[in-house]
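Breakdown of the fold
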Amino acid sequence: MSGAEQQQIVPANNGDENWKAGLNLPAKDRRFKTADVTDTKGVEFEDFCLGRDLLMGIFEKGWEKPSPIQEASIGVALTGQDILARAKNGTGKTGAYCIPVIEKIQPALKAIQAMVIVPTRELALQTSQICVELSKHIQLKVMVTTGGTDLRDDIMRLNGTVHLVIATPGRILDLMEKGVAKMEHCKTLVLDEADKLLSQDFQGILDRLINFLPKERQVMLYSATFPNTVTSFMQKHMHKPYEINLMEELTLLGVTQYYAFVQEKQKVHCLNTLFRKLQINQSIIFCNSTQRVELLAKKITEIGYSCYYIHSKMAQNHRNRVFHDFRQGNCRNLVCSDLLTRGIDIQAVNVVINFDFPRNAETYLHRIGRSGRFGHLGVAINLITYEDRHTLRRIEQELRTRIEPIPKTVDPKLYVADQQLVDAADETTA
Amino acid sequence: MSNQTPYIGSKISLISKLDIRYEGILYTVDTNDSTIALAKVRSFGTEKRPTANPVAARDDVYEYIIFKASDIKDLIVCDTPKMANIGGGLPYDPAIISVSSRSAPASDGAPAASAGSSRAGTPSRNSPLGQIIQNQRPGRGGYQQNFQANRGYNNYRGGFAGGYNNQRGHNNYGVPRVNHREKLKFESDFDFEKANEKFQEVLVDNLEKLNIEDKAEPEVEEKKDAAFYDKKTSFFDNISCESLEKAEGKTGRPDWKKERETNQETFGHNAVRSLNYRRGFGGRGRGGNRGYGGYNNGYQHQHQHRGGYNGGYRQNNGGYRRGGYAPRDNQGNTAAAAEQ
């Protein structure tokens, strides 16, 4: 990133052309990336006429160039139009809405100006952290508010200045209804994992929530999956949404999917063998119930491996700690329920194991999208029982993908980081 | 650390099958699991050994690393510490079973065991280690206490299965489990190829049966591929999803009895039976559930049998307001339901 070539691209910032030299950039990720994130038109972040302080935050996060969804959505979002955007798992959706949202906030106006709603608390934490990092050089107050924390703290917080709220639906609705969160200046609403938020799980909370916003507002929906059920919300609350769809197919190019046929009673043995044979950097192991999460976590420690576990029935402070520590890389394996199925971005995860096969294609797609983040390579391994055999074929068909029988050895090139370094393995075709 | 054997407490240098060399203080040897634990371990990487994947050395000192004996290529008992440096992430090595969190990168604190002889032994795997194990046993009482003390801690933190087990690992190590839980050990690898072949057979079988009883297989086959997702025709997709399942009245969830049966099949009867009180055990999950409480029933029931743990729980019990969770297994199972 030498300053020279950048000068003419940033006409507005000519005054001090060396600003980029002072950036505190993270180490470059030299892993191979698939076309899911590299197939761009060549737009630069500078081309969006973003404030320099925000640009600094972007570059210091290590984001060099916009991913396809970012290219397609940042500009439109800045115009204030409603957006319906669909892009694959881990291809930069969060950045695609956070950047314009932050850009449009006026720090001088001391009021909530934008709100991002996500379905889980963990995702809220993750998203708010990204917003905080991006707005590092801007005087911006980002607040995260979710269930499972002390309501009084939130109320105190809202007495001060807050510009941007990242929230799960229940808590923020509560705060609005109490009149604590004042939304008259909140002209931007983002629903991340929109289809989940608009599903029955949230039973119309979003319909109620949106009524607290001013009439003149921008609504943006992002997800990798959009069932038809989303249309009713769209028709009710959105105005001529601009559609962005970058998904030629549903599954990620970089994630190789395998199945292993097992009997229920062989699953632990099978997992043990996978642990032994695979070069797991970090893995996420999915079970279909919270009880099974706990039972499996216990078994894994019994067979001599370490793991954390997390599910929705745990106290929030413990959930936070597990999530945080796993992200830090303190433990190799994480057993979880569908709590972490969506949106969670842990770059070090190269293996996803469906210890229990999910029942629908949507869940499957989001689960395997926990590896192969940002176009990197990863494997997903499904333990399939006799009962699962039809679901396997059905999901394979619905997603138009291939789930192959697991070979004797899984080629490390398909998922091991140091086998993917671009200099070394330039020709890798994913 | 025990002085009973000449090797416990000695500085050990071992090379794993990936040609990565580690140095640390021999802490325990476990014949049952075929593992050995080193304390204050540093990874020296692959050094100059010819290998497919060279790996750099690391500065960090790991409190404990437990190694699988079968993945150790060479082991030398030596008392003269060697130095190396350079950072990077502790590289992947299948020989490592678990690593406790890093201690400060500075490598003293390693009690340089018996002075003098620079190399007490040549590559030694069988006999010396065997001895170590014999001599280890008397020392166990002490470890056991540690172990329990630690449980209280784990209980408090809750939610961590392995993370804290890592730490527990060394206390726990080589200690017979206080309750009847056995450490699990699989003799051989799961044979994927064979299993998958079987799968193909099953499928063929099924196809044949299909002709006879085709009504028995309510499949989605009628839908054409394009019906699920086609960017050209619609922004929206039609893949199976939770909303649709629920709209169709399918919870997708087996009743709790069925789930319990499945759990028993997967994890064994003991594991499932102990689920209710197990939550407090060894720091697994009990604390994690404090927020919503209500494991009391199953729990107090157990107190009678498991006197040893009561203290810790009682202290926490104040936090449990709702009782009677234990019998309602099915409620505890809804992992996928509105998890916000």
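Residues numbered from 1 in each chain as written. Chains lettered and ligands numbered in written order. Predicted model: local features only at pLDDT ≥ 70, side-chain atom pairs only at ≥ 80, totals over all residues. Heavy atoms only, no water.

1. Focus: the overall build of chain B
Summing up its helical and strand segments, chain B has 10 helices and seven strands in all. Looking at the 340 residues of chain B, the share that counts as buried comes to 48%. Here the contacts in chain B between residues at least 6 apart in sequence split such that 69% fall between residues at least 24 apart. For chain B, the accessible surface area stands at approximately 17000 Å², while carbon and sulfur atoms represent 51% of it. (Helix = DSSP H or I, 4+ residues; strand = E, 2+ residues; numbered from the N terminus. Buried < 20%, exposed > 50% of the residue type's maximum accessible area, 1.4 Å probe, protein only. Contact = heavy atoms within 4.5 Å. Areas by Shrake-Rupley, 256 points an atom, 1.4 Å probe, with all protein chains shown as cover.)

2. Examining the overall build of chain A
Per the secondary structure count, chain A includes 15 helices and 14 strands. Counting the 430 residues in chain A, one finds 63% classified as buried. Surface summary for chain A: the accessible area is close to 15500 Å², and the carbon and sulfur share equals 47%.

3. Overview of the state of the cysteines
Residue and element names in this part refer to chain A. Following the criterion strictly, the structure yields zero disulfides over all chains and no others. There is no disulfide at Cys-307, and the cysteine sulfur nearest it, in Cys-331, is 6.2 Å away. A relative accessible area of 0% means that Cys-307 is categorised as buried. Of the cysteine sulfurs around Cys-336, a residue in no disulfide, the closest is that of Cys-287, at 8.1 Å. Note on Cys-336: relative accessible area 0%, which makes it buried. (Disulfide = S-S within 2.5 Å.)

4. Concerning the side chain of Asn350(A)
Residues and elements named next belong to chain A. In this structure, Asn-350 sits in strand β12 (residues 349-354). At a separation of 2.9 Å, a polar atom in the side chain of Asn-350 contacts the main-chain amide nitrogen of Asn-281. Within the structure, Asn-350 has its side chain in polar contact with the backbone oxygen of Tyr-415 (distance 3.2 Å). When neighbours within four sequence positions are excluded, Asn-350 is seen to be in contact with Gln-279, Ile-280, Asn-281, Gln-282, Ser-371, Gly-378, Val-379, Tyr-415 and Val-416. (Polar contact = N/O pair within 3.5 Å; in protein donor to acceptor, adjacent residues only side chain to side chain.)

5. With respect to the nonpolar core
Grouped together as the largest cluster of nonpolar side chains are 96 residues, with contacts concentrated most on Leu164(A), Leu274(A), Leu296(A), Ile300(A), Val335(A) and Phe355(A). The biggest single contributor to this core is helix α4 (residues 93-104) of chain A, with six residues. Mapped onto the domain boundaries, this core takes at least three residues apiece from domain 1 (17-245) and domain 2 (255-418) of chain A. In this structure Leu296(A) touches Leu271(A), Ile285(A), Cys287(A), Val335(A), Phe355(A) and Phe267(B), once residues within four positions along its chain are discounted. (Core = buried A, V, L, I, M, F, W, Y, C linked by side-chain atoms within 4.5 Å. Domains from an automatic or database assignment.)

6. Some points on the pattern of salt bridges
Pairing between side chains of opposite charge can happen when their charged atoms approach one another. Per the stated rule, a full pass over the model turns up 43 salt bridges over all chains. Taking the shortest distance from any N to any O, the salt bridge between Lys61(A) and Glu133(A) comes out at 2.8 Å. Within this pair, whereas Lys61(A) is found in the loop between α2 (52-60) and α3 (68-79), its partner Glu133(A) is found in helix α5 (residues 121-134), the two being separated by 72 residues in sequence. Lys61(A) sits in the partly exposed class, given a relative accessible area of 24%. Two residues, Asp19(B) and Arg49(B), come together in a salt bridge whose shortest N-O distance is 3.8 Å. On the criterion of sequence distance, the pair formed by Asp19(B) in the loop between β1 (11-16) and β2 (21-30) and Arg49(B) in the loop between β3 (35-45) and β4 (61-68) is long-range, its members being 30 residues apart. Overlapping salt bridges, with partners in common, bring together Asp19(B), Arg21(B), Glu23(B), Glu47(B), Arg49(B) and Lys73(B) in one network. (Salt bridge = Lys/Arg side-chain N within 4 Å of Asp/Glu carboxyl O.)

7. As for the confidence of the model for chain B
Residues and elements named next belong to chain B. Across chain B, pLDDT averages 57, with 40% of residues at or above 70. Mean pLDDT across the secondary structure elements of chain B bottoms out at helix α2 (residues 140-157), with 30, and peaks at helix α6 (residues 256-267), with 90. Across residues 80-88 the pLDDT falls below 50, and counting only partners more than four positions away or on other chains, this stretch makes 26 contacts in the model. Across residues 102-181 the pLDDT falls below 50, and counting only partners more than four positions away or on other chains, this stretch makes 164 contacts in the model. On the interface metric, ipTM, the complex scores 0.87, and its pTM is 0.69. (pLDDT = per-residue confidence, 0-100.)

8. Considerations on the packing of helix α11 (residues 267-277) of chain A against helix α12 (residues 290-302) of chain A
Residues and elements named next belong to chain A. Remark: α11 packs on α12, axes separated minimally by 11 Å, with the N-to-C direction vectors making an angle of 55°. The angle between the axes of α11 and α12 places the two elements in the oblique class. Judged by the twist between their axes, the crossing of α11 over α12 is right-handed. On α12, the residues touching Lys-267, Val-268, Leu-271 and Phe-275 of α11 are Arg-292, Leu-296, Lys-299 and Ile-300. (Axes fitted to C-alpha atoms, helices over the stretch in contact; angles between N-to-C directions. Parallel < 35°, antiparallel > 145°, perpendicular 65-115°, else oblique. Left-handed = near helix turned anticlockwise from the far one by under 90°.)

9. Focus on the environment of Lys41(A)
Secondary-structure assignment places Lys41(A) in the loop between α1 (35-38) and α2. C-alpha of Lys41(A) to C-alpha of Glu71(A): the two residues are 30 residues apart in sequence and 7.8 Å apart in space.

10. Brief notes about unusual backbone geometry
Trans peptide bonds make up most of the peptide bonds, and negative phi angles are found at most residues other than glycine. Not every positive phi belongs to a glycine, and Glu193(A) is a case in point at roughly 55°. With respect to the helices, strands and loops of the structure, Glu193(A) is situated in the loop between β5 (188-192) and α8 (194-197).

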